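The chain contents come next:
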Amino acid sequence: MSALKRKQHSMPEFIKKALFEAKLMESYFRRPPYQKNDYIGWITGAKRQETQHKRLNQMLSELKAGDKYMGMNYNVKEKVIIPDCKP
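Summary of the structure given here. (Residues numbered from 1 in each chain as written. Predicted model: local features only at pLDDT ≥ 70, side-chain atom pairs only at ≥ 80, totals over all residues. Heavy atoms only, no water.)

## Topic: the packing of aromatic side chains
Basically, it comes down to this: Ring pairs shown here join Phe, Tyr and Trp side chains whose ring centres sit within 6.5 Å, with only the six-membered ring taken for Trp; geometry is labelled stacked below 30 degrees between planes, edge-to-face above 60, and tilted in between. The numbering of helices and of strands both runs from the N terminus, where a helix is a DSSP run of H or I of at least 4 residues and a strand a run of E of at least 2.
Taken as a whole and judged by the stated rule, the model has 3 aromatic pairs. Centroid distance Tyr 28 to Phe 29: 5.1 Å. Interplanar angle 90°. Geometry classified as edge-to-face. On the basis of an interplanar angle of 85° and a centroid distance of 5.9 Å, the ring pair of Tyr 34 and Tyr 69 is categorised as edge-to-face. Of this pair, Tyr 34 sits in helix H3 (residues 33-44) while Tyr 69 sits in strand S1 (residues 68-69); the two residues are 35 residues apart in sequence, bridging distant segments of the chain. Members of the aromatic cluster, joined through ring pairs, are Tyr 34, Tyr 39 and Tyr 69.

Structure below.
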């Protein structure tokens, strides 16, 4: 039996820049890999730029609050090492 694997999304520069400017890079990297991947895929999957912007703002708000993931409750469990991701 094989496990399903999600497509791995790389972080576009506009998202990296927004996280860095909002000082939320650490909050982003505290999230589990599936959440980081889902956020990137969700934002970049939008066809219209205004939808991408709206989704990016939702991600930033959720990371700032620290207790939401795509509108659902979420608790940060551990501190992780943050890679150097300056734009």
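## A closer look at H3
Rules: To estimate the expected span of a helix, subtract one from its residue number and multiply by 1.5 Å. Only protein chains enter the accessibility calculation, which uses a 1.4 Å probe. A residue is then buried if its area is under 20% of the maximum for its type, exposed if over 50%, and partly exposed in between. What makes two residues a contact is simply this: any of their non-hydrogen atoms within 4.5 Å.
Spanning 12 residues, H3 covers 17 Å between terminal C-alpha atoms, matching the ideal 16 Å at 1.5 Å per step. Taken together, the buried positions of H3 are occupied by Gln 35, Lys 36, Asn 37, Asp 38, Tyr 39, Ile 40, Gly 41 and Ile 43. Elements that come into contact with the buried residues of H3 comprise helix H1 (13-21), helix H2 (25-30), helix H4 (49-65) and S1.

Structural measurements only, silent on function.
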